[in-house]
Amino acid sequence: MATQTPDAHVPSSAAAGSGPAGHASDGGVRARLTRAVDLLPFSFGGLLICALAVVSGVMVAANPAPRSPGPELWTFARLHHEMYEPIIRQWNAGEADPSRHLTPLLLSMPALERRMLSGFLSGMPTAELLEVERRVAARAFVGPVDSVGFVDLTERLRADGLLDRINAPSFSPWSSRGRIFGIPHDVHPVMLGYRADIVEAAGIDVSKIHTWEDFAREMAPLMVDKDGDGKSDRWLINFWPSQSDLIEVLLLQAGGGYFDEAGVPTVNSEANARVLATLVTWCIGEPYPKGTRIAGDAPDFSASGNALKLEGYVVSALMPDWMCNIWRNEIPQLAGKVKLMPLPAWPKPLPSQRRTSVWGGTMLGIARTAKDVDAMYEVAKRLYLSDDLARTLYTVGDIITPVRDHWSDPIFDKPDPFFSGQPKGRMYIDLAGDVPARSSSPYYILAQARVQDALLSLKDHAESRLPVTIEDLLPEARRLLEKAQRAVLVQMRRNTFVDLPAGLDAPTEAQTGAAQ
């Protein structure tokens, strides 16, 4: 017997939708549609999404976003973008061909990083000029040196005498395997900013402070219990193990760090172990001199941290030149209450007793896909070597130029009212030549995270054994940094383009699993 469909005997009038039987017809149509949709490989909702995607794609293709006919400059910093516009307008005015006019574009840091790396890794064009921060630039150095997405500027810089005119340590974050891939934008020396109103009211003479031990001893009277709860309501320095950038600043000052000049990891160095042990003592136990604690946590770049600085919860903080601008704009109430001094030195046996360090950095590089590298190099020099830009960079952003020719400009000797009339620019320039060199290793972020893990673990270890000294903590600091070193080596050995010395400890299979 033949199988009949549910609507096989519906009268023609009903099939047409007329009369009471039209309801039955509607049900039949719905049933057929349902069966048809069931045969599709995806749901009706998925079909609708695909249709919308096709329509929107056609609309975007039909109405493309306008793109400049000439080269582009990508930057992540609004201040830089605003400073470059007048110089770029002047450059474009001298170019009769619109296809040579430069267009500056302001992108967020993540967007710039994604676009840059996708272009470098695929060989597709990016902006001709790229202004990038240290963490982003380092990721371009992961492969062979002849495959780096930036143009090698070494010989051009040497021919123009710029290797001598620009502060030498400022090239280090943009150099890989002996080649230089960017022009430095800055130096970023670090000094110690302190609450002069609090320190001087207590009669403390900062000229007696030469080392971190001197700092703890001379400043100790400022740690007071104002509310009677048995705990200090003020600490001497803003530092905590959660502040990863500050860890590196202090390691570099002491002659430690994460990599040597050849890019070989030095995470497990004795200098690093001693600094980490010292930093833990800063953060635990009773206030100095009864105990060893001198540090409090007032996070940078946060409203809560700014409020703590304003109320005097921390007396001092590590201050690169650009941080002066952050304080000026975010904590204006501190104007005239703050002063700067060179960092207290680390004592021997640490390898360096320098009175400064370095934090942050930016470069301008040329993409290898640029059509006219020579023209882009001339633009880059016009932007970064300009004396007008050097003055604007300092007066607007508090950042000193790395170009030594400009250091004699009297603008840097001008008293700064925010910093109690100190000639802040000259003080930073006097330290610029002594900033430590930094690695450009693409594994820098990994090493930084592993060292921070070691510091946090060392702090937990110390808190369960109070009271402890630096010497007490050294064995555990060494063990934790050995573990961190192996974790970095595991990742580096996976890169066939990384040439590590044979003498380095090769992780065993068990160690590799533990590191992962």
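Residues numbered from 1 in each chain as written. Predicted model: local features only at pLDDT ≥ 70, side-chain atom pairs only at ≥ 80, totals over all residues. Heavy atoms only, no water.

**Digging into the overall build of the protein**
Right, so step 1: When helices and strands are tallied, the protein shows 20 helices and twelve strands.
Right, so step 2: The buried share of the protein, reckoned over its 516 residues, is 50%.
Right, so step 3: In the protein, the proportion of contacts linking residues at least 24 apart, taken out of those at least 6 apart, comes to 72%.
Right, so step 4: For the protein, the exposed surface amounts to about 24,100 Å²; the carbon and sulfur share of it is 56%. (Helix = DSSP H or I, 4+ residues; strand = E, 2+ residues; numbered from the N terminus. Buried < 20%, exposed > 50% of the residue type's maximum accessible area, 1.4 Å probe, protein only. Contact = heavy atoms within 4.5 Å. Areas by Shrake-Rupley, 256 points an atom, 1.4 Å probe, with all protein chains shown as cover.)

**Digging into the environment of phenylalanine 239**
Right, so step 1: Examined against the element boundaries, phenylalanine 239 turns out to sit in the loop between strand S8 (237-238) and helix H11 (244-253).
Right, so step 2: Judged by its relative accessible area of 0%, phenylalanine 239 is buried.
Right, so step 3: What phenylalanine 239 contacts, discounting residues up to four positions off in sequence, is Leu246, Ile247, Leu250, Leu279, Trp282, Cys283, Ala295, Gly296, Asp297 and Leu455.

**What to know about the layout of surface pockets**
Right, so step 1: Its volume calculated, the largest pocket comes out at about 910 Å³.
Right, so step 2: Around the largest pocket, the lining comprises 43 residues; the ones closest to its centre are Asp260, Glu261, Ala262, Gly263 and Ser439.
Right, so step 3: Contributing elements (two or more residues each) for the lining of the largest pocket: strand S4 (175-176), strand S5 (179-180) and H11.
Right, so step 4: Across the lining of the largest pocket, the residue classes tally to 20 nonpolar, 14 polar and nine charged.
Right, so step 5: Within this model, the second largest pocket holds a volume of roughly 630 Å³.
Right, so step 6: Elements represented by at least two residues in the lining of the second largest pocket include exactly helix H4 (78-93), helix H6 (134-138), H11, helix H14 (321-330) and helix H16 (387-397).
Right, so step 7: Here the lining of the second largest pocket is composed, by residue class, of 13 nonpolar, eight polar and seven charged. (1 Å grid on protein atoms, 1.4 Å probe; cavity = no way out; pocket = protein on both sides within 12 Å on 5 of 7 lines; lining within 4 Å. Points joined across faces, edges and corners; volume = space filled by probe spheres on them. Nonpolar A, V, L, I, M, F, W, Y, C, P; charged D, E, K, R; others polar.)

**Quick look at helix H13 (residues 303-311)**
Side chains of residues three or four places apart in an α-helix project in the same direction, reflecting 3.6 residues per turn.
Right, so step 1: Among the residues of H13, those classed as buried are Gly305, Asn306 and Lys309. Take H13 and look down its axis: the buried residues cluster within an arc of 100 degrees, on one side only. Away from its buried face, by an angle of more than 90 degrees, H13 presents the exposed residues Ala303 and Glu311.
Right, so step 2: In the stretch just after H13, glycine 312 is the one whose phi turns positive, near 85 degrees. (Arc of directions from axis to C-beta.)

**Observations regarding the pattern of salt bridges**
Right, so step 1: Going through the model one piece at a time under the given rule, you end up with 30 salt bridges.
Right, so step 2: One salt bridge in this structure joins arginine 135 and aspartate 245, with 2.5 Å as the shortest N-O distance. Taken together, the residues span a long stretch of sequence, with arginine 135 in helix H6 and aspartate 245 in helix H11 at a distance of 110 residues.
Right, so step 3: Among the residues examined, aspartate 245 registers a relative accessible area of 19% and is labelled buried.
Right, so step 4: We note a salt bridge from glutamate 218 to arginine 217, for which the minimum N-O separation is 3.4 Å.
Right, so step 5: Within this structure, Asp152, Glu155, Arg158 and Arg179 form a network of salt bridges that share partners. (Salt bridge = Lys/Arg side-chain N within 4 Å of Asp/Glu carboxyl O.)

**Focus: the packing of aromatic side chains**
Right, so step 1: In the structure shown here, the tally under the stated rule is 13 aromatic pairs.
Right, so step 2: Taken together, a centroid distance of 5.5 Å and an interplanar angle of 40 degrees make the contact between phenylalanine 141 and phenylalanine 181 tilted. One end of the pair, phenylalanine 141, is in the loop between H6 and helix H7 (154-159); the other, phenylalanine 181, is in the loop between S5 and strand S6 (183-184), with 40 residues separating them in the sequence. When sorted by exposure, phenylalanine 141 lands in the same class as phenylalanine 181, which is buried.
Right, so step 3: Between the aromatic rings of phenylalanine 239 and tryptophan 282, the centroid separation amounts to 6.3 Å while the plane-to-plane angle is 90 degrees, which identifies the pairing as edge-to-face. Of this pair, phenylalanine 239 sits in the loop between S8 and H11 while tryptophan 282 sits in helix H12 (residues 270-283), placing them 43 residues apart in sequence.
Right, so step 4: Residue class for tryptophan 282 comes out buried when judged on its relative accessible area of 5%.
Right, so step 5: In this structure an aromatic cluster arises from ring pairing among Trp212, Phe215, Phe239, Trp282 and Trp346.
Right, so step 6: The ring of tryptophan 74 carries the charged tip of arginine 115 above its face, separated from the ring centre by 5.8 Å.
Right, so step 7: In this structure, arginine 134 packs its charged tip against the face of tyrosine 444, placed 3.9 Å from the ring centre. (Phe/Tyr/Trp six-rings, centres within 6.5 Å; stacked < 30°, edge-to-face > 60°. Lys NZ or Arg CZ within 6 Å of the ring centre and 35° of its normal.)

**Notes on the sheet that holds strand S7 (residues 190-195)**
Right, so step 1: Reading across the sheet, the three strands line up as S10-S7-S11 and stay open at both edges, with antiparallel pairing between neighbours. Because the sheet does not close on itself, it has two edges, and the strands there are strand S10 (316-320) and strand S11 (338-342). Across this sheet, the average inter-strand angle for adjacent strands is 35 degrees, counted without regard to direction.
Right, so step 2: Strand direction decides the pairing type here: S7 and S11, joined by five bridges, are antiparallel. Its bridge partner being in S11, leucine 192 is matched across the sheet by methionine 341. (Pairing = 2+ DSSP bridges. Axes fitted to C-alpha atoms, helices over the stretch in contact; angles between N-to-C directions.)

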